[in-house]
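Working through the structure, step by step
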Amino acid sequence: MRHHNQANLRSFRGKTPRIGRRVLIDPSAVVLGDVVLEDDVSIWPHVAIRGDMHHIRVGARSSVQDSSVLHITHAGPYNLEGWPLDIGCDVTIGHRATLHGCTVGDRVLVGMSATVMDGAVVEDEVVIAAGALVTPGKRLRSGYLYAGSPAREVRVLNEKELSYFIYSANNYVRLKDLHITELEATSP
């Protein structure tokens, strides 16, 4: 069973979102255009994922928390090819985060209200602190905490922080499964 309704998913210019297995999309979220949500992804209330002028990919077991915005950079005179939005696996995207035309690796935590801008590259195993602003084209190195506006490298992540990525991803997979069970129990 798919856990979304057709109002959640919108085609645009012949591109329709492709949804993996056991994906939860909250009824208040919108997923539009050239978007791939891999297996066990969770999309929480009021999220907007708009792949209208380039593609968006959200990797397996990643969660996109309430009121986050995921968009792309279109191709045009200021950026000939544009930038898609590629998000890896086991990524936790905090509430009200904005990711725009950037690349996010695997096992990343994007803090609440953080913004990652066009052409930025976030390597695997990075923590972006709440409220951080990752400026266009910036590269965030694997294994570090970044904070501030503009975001700066703060320190190396410790073992406990490194193990948190998989814990967080698995926690949201479990929570998503509980929500799916509730939806199945209340479906006509």
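Above: the structure in question.
Residues numbered from 1 in each chain as written. Predicted model: local features only at pLDDT ≥ 70, side-chain atom pairs only at ≥ 80, totals over all residues. Heavy atoms only, no water.

1. Topic: the pattern of salt bridges
Enumeration over the complete set of coordinates arrives at 13 salt bridges. Arg61 is the salt-bridge partner of Asp90, the closest N and O atoms lying 2.8 Å from each other. With Asp90 in the loop between strand E9 (85-87) and strand E10 (92-93) and Arg61 in the loop between strand E6 (48-58) and strand E7 (63-64), this residue pair connects regions lying 29 residues apart in the sequence. The exposure class assigned to Asp90 is buried, which follows from its relative accessible area of 7%. Relative accessible area serves as the criterion here: at 30%, Arg61 is assigned to the partly exposed category. The closest approach of N and O atoms between Glu125 and Arg107, which form a salt bridge, is 2.9 Å. (Salt bridge = Lys/Arg side-chain N within 4 Å of Asp/Glu carboxyl O. Helix = DSSP H or I, 4+ residues; strand = E, 2+ residues; numbered from the N terminus. Buried < 20%, exposed > 50% of the residue type's maximum accessible area, 1.4 Å probe, protein only.)

2. A few points about the packing of aromatic side chains
Aromatic rings considered in pairs are described by the distance between their centres and by the relative angle of their planes. For the structure shown, the criterion picks out two aromatic pairs. Taken together, a centroid distance of 5.6 Å and an interplanar angle of 40 degrees make the contact between Tyr164 and Tyr167 tilted. With Tyr164 and Tyr167 both in helix H1 (residues 159-186), this residue pair falls three residues apart, about one helical turn. Owing to a relative accessible area of 46%, Tyr167 belongs among the partly exposed residues under this scheme. (Phe/Tyr/Trp six-rings, centres within 6.5 Å; stacked < 30°, edge-to-face > 60°.)

3. Brief notes about the pairing of strand E19 (residues 144-147)
Consecutive residues of a regular strand have side chains that alternate between opposite faces of the sheet. As paired strands, strand E16 (residues 126-128) and E19 are joined by two bridges and run parallel to one another. Opposite Val127, over in E19, you have Leu145 as the bridge partner. Inspection of the sheet shows E19 paired to strand E20 (residues 152-156) by four bridges, in the antiparallel sense. Paired with Ala147 across the two strands is Arg152, which belongs to E20. (Pairing = 2+ DSSP bridges.)

4. Side note on the environment of Asn8
Tracing the backbone shows Asn8 in the segment before strand E1 (9-10). A relative accessible area of 0% means that Asn8 is categorised as buried. Through-space distance from the C-alpha of Asn8 to that of Ala29 is 6.1 Å; in sequence the pair is 21 residues apart. Those residues within four positions of Asn8 in sequence are excluded, and the remaining contacts are Ile25, Asp26, Pro27, Ala29, Val30 and Val31. Separated by 3.1 Å, the side chain of Asn8 and the backbone oxygen of Ala29 make a polar contact. (Contact = heavy atoms within 4.5 Å. Polar contact = N/O pair within 3.5 Å; in protein donor to acceptor, adjacent residues only side chain to side chain.)

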